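# Descriptive analysis of the structure
Chain by chain, the residues:
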Amino acid sequence: MKKLEELVRPHLLHLTPYSSARDEFSGKNGIFLDANENAFGSVLPEAYHRYPDPHQHKLKQKLARIKKILPEWIFLGNGSDEAIDQIIRIFCVPGRDNVIVMPPTYDMYGVTATIHQAEVRKVPLTTQFEIDYEGVSRAIDKYTRLVFLCSPNNPTGNSFHRESIIRILQNFEGITVIDEAYIDFSSSEGFLNDLNQYENLIILQTLSKAWGLAGLRLGIAFAHPEIVRIMDKIKYPYNINESTQKIVLDALNFENRKDEMVKAILDQRSSLELKLKDLAFVEKVHHSDANFLLVRFKDASRVYEFLVNHNIIVRNRSKLVLCENSLRITIGTAEENNALINHLKKFKNEP
Ligand SMILES: Cc1ncc(COP(=O)(O)O)c(C=O)c1O
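Let me begin by describing the structure that accompanies this report. (Residues numbered from 1 in each chain as written. Predicted model: local features only at pLDDT ≥ 70, side-chain atom pairs only at ≥ 80, totals over all residues. Heavy atoms only, no water.)

## Re the pattern of salt bridges
- This model, assessed by the stated rule, comprises 17 salt bridges.
- Notably, a salt bridge pairs Asp 141 with Arg 121, separated by 3.0 Å at the nearest N-O pair. On the criterion of sequence distance, the pair formed by Asp 141 in the loop between α7 (133–139) and β4 (144–150) and Arg 121 in strand β3 (residues 119–122) is long-range, its members being 20 residues apart.
- Across the pair Glu 260 and Arg 257 runs a salt bridge whose closest N-O atoms are separated by 3.3 Å. On the criterion of helical spacing, the pair formed by Glu 260 and Arg 257 is a turn pair, its members being 3 residues apart in helix α11 (residues 255–277). (Salt bridge = Lys/Arg side-chain N within 4 Å of Asp/Glu carboxyl O. Helix = DSSP H or I, 4+ residues; strand = E, 2+ residues; numbered from the N terminus.)

## Considerations on the site of the ligand
- Near the ligand, the surroundings consist of 14 residues, among which Ser 80, Asp 179, Tyr 182, Thr 206 and Ser 208 are the closest.
- At a separation of 2.8 Å, an oxygen atom of the ligand approaches a polar side-chain atom of Asn 154.
- Between Lys 209 and the ligand, the recorded distance is 2.8 Å, taken from a side-chain N or O atom to an oxygen atom.
- For the ligand, whose unbound accessible area comes to 400 Å², protein coverage reaches 91%.
- Its residues placed into classes, the shell around the ligand shows 5 nonpolar, 5 polar and 4 charged. (Near = heavy atom within 4 Å. Polar contact = N/O pair within 3.5 Å; in protein donor to acceptor, adjacent residues only side chain to side chain. Areas by Shrake-Rupley, 256 points an atom, 1.4 Å probe, with all protein chains shown as cover. Nonpolar A, V, L, I, M, F, W, Y, C, P; charged D, E, K, R; others polar.)

## Details of unusual backbone geometry
- Going from Pro 103 to Pro 104, the amide bond is cis rather than trans, its omega being 0 degrees.
- Structurally, the position occupied by Pro 104 is in the loop between β2 (98–101) and α6 (108–115).
- Its identity as a non-glycine residue notwithstanding, Phe 129 has a phi of 60 degrees, on the positive side.
- If you trace the backbone, Phe 129 turns up in the loop between β3 and α7.
- Judged by relative accessible area, which is 6%, Phe 129 ranks as buried.
- Of note in this structure, Leu 322 is not a glycine but carries a positive phi near 70 degrees.
- Within the fold, Leu 322 resides in the loop between β10 (315–316) and β11 (326–330). (Buried < 20%, exposed > 50% of the residue type's maximum accessible area, 1.4 Å probe, protein only.)

## Some thoughts on the side chain of Gln 205
- Here Gln 205 shows up in strand β6 (residues 201–206).
- In terms of polar contacts, Gln 205 uses its side chain to reach the side chain of Lys 67, at 2.8 Å.
- In this structure the side chain of Gln 205 is engaged in a polar contact, spanning 3.0 Å, whose partner is the side chain of Glu 180.
- Leave out the neighbours within four places in its chain, and Gln 205 touches Lys 67, Ser 80, Glu 180, Ile 183, Leu 192, Gly 219, Ile 220 and Phe 222. (Contact = heavy atoms within 4.5 Å.)

## A short note on the pairing of β4
- Of all 7 residues that make up β4, 7 are buried, and the element is covered over most of its length.
- Of the strand pairs in this sheet, β2 and β4 are connected by 3 bridges, and their pairing is parallel. The residue bridging Val 99 from the neighbouring strand is Leu 146, located in β4.
- Across 5 bridges, β4 lies against strand β5 (residues 175–179) in parallel orientation. Looking at the pairing, Leu 146 lines up with Ile 175 of β5. (Pairing = 2+ DSSP bridges.)

## Focus on the sheet that holds β2
- One open sheet holds the 7 strands; their spatial order is β1-β7-β6-β5-β4-β2-β3, and the pairing between them is mixed. Where the open sheet ends on each side, the last strands, each with one partner, are β1 (74–77) and β3. Here the strands of the sheet are splayed against their neighbours by 20 degrees on average, with no regard to which way each runs.
- Against the sheet, helix α5 (residues 80–91) touches β1, β4, β5, β6 and β7 (219–223), its axis set at about 160 degrees to β6. (Axes fitted to C-alpha atoms, helices over the stretch in contact; angles between N-to-C directions.)

## Observations concerning the nonpolar core
- Core analysis: the largest hydrophobic core is formed by 45 residues, its most contacted members being Leu 149 and Ile 168.
- Broken down by element, this core gets its largest block of residues, 4 residues, from helix α4 (residues 57–67).
- Excluding residues that lie within four positions of it along the chain, Ile 168 makes contacts with Met 102, Ile 131, Tyr 133, Val 136, Val 147, Leu 149 and Thr 176.
- The next biggest cluster of nonpolar side chains, apart from the first, holds 31 residues, and it includes Ala 118, Leu 146, Ile 230 and Ile 234. (Core = buried A, V, L, I, M, F, W, Y, C linked by side-chain atoms within 4.5 Å.)

Given below as structure tokens:
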């Protein structure tokens, strides 16, 4: 791997970050007249008149225990989308550098790179939805800063072969980002335990899926402390708001509940898969390691319209490469999945 100093945009290496009032004095007790807050309180009964901890100490400590990693290896973002944005801003010189994405995949890597004027080099997955390693190698040049891979992948649902990921980690000189948003639903292990072997690896996870906290917006990037330090340096000072910090701190006590929900989702995934496969107009239900199924129909747009007309909303992914006639269906509750199947049984494929 190249040295971090060679990969980070030079002006950021020496950036003096904004120093907030809470950076300069972080004690608990005192008369706080340093941050221009409203000393009389907030208009709500809850105490929201103080700025939140810019370093999210308590939250990082607790997450670190759960994930069995040191807090210095954790960056917290306003959703993983913030982490994706930070990573591109840190490593890509606008108008010069490029990133590799592997469609069909989560769109935000490409969209965010485009916003920051980084060239997006698309190397489609193989027809088996696996990494095209040779294609990736060919696409990389001296200005390639980032390779984004999403495993389990959205919208295909599969995890990539571990060896292909390791091959990229071992041979790519820049930063590899593995998005593990759906890792809790996967039968294969993620890369968190391997993080200390790879200085060029950033792993993204989120509380939006298995933990059921999408509305609170908390995304996590795990990486070498040198990378985390730079991410922390360029983030907005108070990027994780007080209510999110408080509520998530509490929510993290309920890991068992998360595990129970994951189990219920996996049970529903298996039963929905079988029921979908029984329908004559379903051509393929792809294997999934995530909380959704990618399903190929004879005519996906007609099925999509039919479902919308019955108030069942799924995601039509038919326009994406390798996803012709495919709908992405999130696993619902037993009742929701039954409603879906009962309606689909009434769908007529004939025009
Ligand atoms: C692969 C992947 N990464 C990240 C996200 C967004 O996560 P967050 O809610 O933490 O921004 C999604 C959301 O659907 C996703 O599919």
